[in-house]
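Residue-level structural notes
Okay, here's what each chain looks like letter by letter:
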Amino acid sequence: MEQFKILTDLRDYIKKLAENEGTVFGRPIPEGASPVFYRQQDVPKGRELIQGIQVCDYCFSPCKAWVIPHNQMGLSFSANWQHLKSIYKLKASKNPGKNVDVFWVLEKSDLPPDLQFVQDQKDNRHYFLTITRRMTVSQLVQKLQMVADRMSVIRDGTKVIG
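As the structure is a computational prediction, the values presented were derived from the model and not from experiment. (Residues numbered from 1 in each chain as written. Predicted model: local features only at pLDDT ≥ 70, side-chain atom pairs only at ≥ 80, totals over all residues. Heavy atoms only, no water.)

**Remarks on the sheet that holds strand β10 (residues 135-136)**
- Here three strands make up an open sheet; going across it, the order is β4-β5-β10 and the pairing antiparallel. Because the sheet does not close on itself, it has two edges, and the strands there are β4 (59-60) and β10.
- Here β4 runs beside strand β5 (residues 66-68); their pairing, made up of two bridges, is antiparallel. Bridge assignment links F60 to a residue of β5, and that residue is V67. (Pairing = 2+ DSSP bridges. Helix = DSSP H or I, 4+ residues; strand = E, 2+ residues; numbered from the N terminus.)

Written out as structure tokens, the structure reads:
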């Protein structure tokens, strides 16, 4: 494991990773929360969760037992340093007194079958982790857990990003 003394060391490391392994996707998350699943306390009041997945993140069938592919719906990830920095600051402001960790995964990591990163059509610095075929909510939960297991984390990103 490498130790980074200054911010530019980390930026250079991420740039080198991107050259060799594809895009680096980051996701700021309040300390103690999952990088892929939500707790009710982490979402606005009234926002619906199904097995830790926000209904607004994916396209659900009317019965909400199935998730339907949509290339502009999925978990949000930053693919650009400035975008990550702005999302980080937003998360920190909505979670006063809590540290915000930055979870990240490489584009060329071994994503589970039927998941892929797709660039947001409205913002080329933002990507969605989408599904490519219809699946049950339980199948999506299992695949997202596999992604979480492959993610690296920078604890309390304040020193690095903030």
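Let's pick the thread back up.
**A closer look at unusual backbone geometry**
- The phi angle at K64 is positive, at roughly 65°, despite the residue not being glycine.
- Within the secondary structure, K64 is located in the loop between β4 and β5.
- Relative accessible area serves as the criterion here: at 31%, K64 is assigned to the partly exposed category.
- Phi is positive for D114, close to 75°, though the residue is something other than glycine. (Buried < 20%, exposed > 50% of the residue type's maximum accessible area, 1.4 Å probe, protein only.)

**Description of the layout of surface pockets**
- Empty space within the largest pocket amounts to approximately 700 Å³.
- Lining the largest pocket are 31 residues; nearest its centre among them are Y38, R47, Q54, L90 and K91.
- Contributing elements (two or more residues each) for the lining of the largest pocket: β1 (24-30), β6 (75-78), α2 (81-94) and β9 (123-131).
- When the residues that make up the lining of the largest pocket are grouped by side-chain class, the tally is 14 nonpolar, 11 polar and six charged. (1 Å grid on protein atoms, 1.4 Å probe; cavity = no way out; pocket = protein on both sides within 12 Å on 5 of 7 lines; lining within 4 Å. Points joined across faces, edges and corners; volume = space filled by probe spheres on them. Nonpolar A, V, L, I, M, F, W, Y, C, P; charged D, E, K, R; others polar.)

**Points about the environment of V24**
- As for its position among the elements, V24 is in strand β1.
- Separated by 81 residues in the primary sequence, V24 and V105 have C-alpha atoms spaced 6.0 Å apart.

**Considerations on the packing of aromatic side chains**
- Applying the stated criterion to the full structure yields four aromatic pairs.
- For the pair F25 and F117, a centre-to-centre distance of 3.9 Å together with 15° between the ring planes defines the contact as stacked. Of this pair, F25 sits in strand β1 while F117 sits in strand β8 (residues 115-120), and the two are 92 residues apart along the sequence.
- Aromatic pair F25 and Y127: ring centres 4.9 Å apart, planes at 65°, arrangement edge-to-face. Here Y127 lies in strand β9 and F25 lies in strand β1, a separation of 102 residues in the sequence. Note on accessibility: F25 and Y127 belong to one class, buried. (Phe/Tyr/Trp six-rings, centres within 6.5 Å; stacked < 30°, edge-to-face > 60°.)

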